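Observations on chain architecture
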Amino acid sequence: MSDGHRAPDAATITVCPQGPLLLRGDFEIVDAEGQSIEARQGPVALCRCGGSAIKPFCDGTHKLMKFERPK
């Protein structure tokens, strides 16, 4: 029986070649101490290159670094 509430969307992670990880759906990001990290609405891009000034989020630095995904 439906109560009119929409089920949360399952989280998906998309690996962008030479770029970030894109998170979509219902997820929570926590730091090493278990504290929630506030994420904006919509897809969230997480840094894989290590060069972002706004870690854990991507700021596009991978383009300047010519980041290549690990083999």
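These lines cover the structure that appears in this document, whether it is placed above or below. Just so it is clear, the structure is predicted and the values come from calculations on it, not from any experiment.

How each quantity is defined
- Residues numbered from 1 in each chain as written.
- Predicted model: local features only at pLDDT ≥ 70, side-chain atom pairs only at ≥ 80, totals over all residues.
- Heavy atoms only, no water.
- Pairing = 2+ DSSP bridges.
- Helix = DSSP H or I, 4+ residues; strand = E, 2+ residues; numbered from the N terminus.
- Axes fitted to C-alpha atoms, helices over the stretch in contact; angles between N-to-C directions.
- Buried < 20%, exposed > 50% of the residue type's maximum accessible area, 1.4 Å probe, protein only.

Sheet strands line up and pair through hydrogen bonds in the backbone, either parallel or antiparallel. If you trace the 3 strands from one edge of the open sheet to the other, you get 1-2-5, paired in antiparallel fashion. The outermost strands of the open sheet, each flanked by one partner alone, are strand 1 (12–15) and strand 5 (44–46). Within this sheet the neighbouring strands show an average axis-to-axis angle of 25°, counted without direction. Across 3 bridges, strand 2 (residues 21–24) lies against strand 5 in antiparallel orientation. Its bridge partner lying in strand 5, Leu22 is registered against Ala45.

A word on the pairing of strand 1. In the sheet, strand 1 pairs with strand 2 via 4 bridges, with the strands oriented antiparallel. Paired with Ile13 across the bridge in strand 2 is Leu23. In this antiparallel pair of consecutive strands, strand 1 and strand 2, the connection spans 5 residues, and Gln18 shows a positive phi of 60°.

Look at the link from Lys55 to Pro56: it is a cis peptide, with omega at 10°. Tracing the chain through its elements places Pro56 in the loop between strand 5 and helix 1 (61–65). Positive phi values are uncommon outside glycine, yet Gln18 reaches one of about 60°. Looking at where Gln18 falls in the secondary structure, it is placed in the loop between strand 1 and strand 2. Exposure remark for Gln18: the relative accessible area of 36% places this residue in the partly exposed category. Positive phi, close to 55°, is recorded for Lys66, a residue that is not glycine. Relative to the helices and strands, Lys66 resides in the segment after helix 1. Lys66 sits in the exposed class, given a relative accessible area of 67%.

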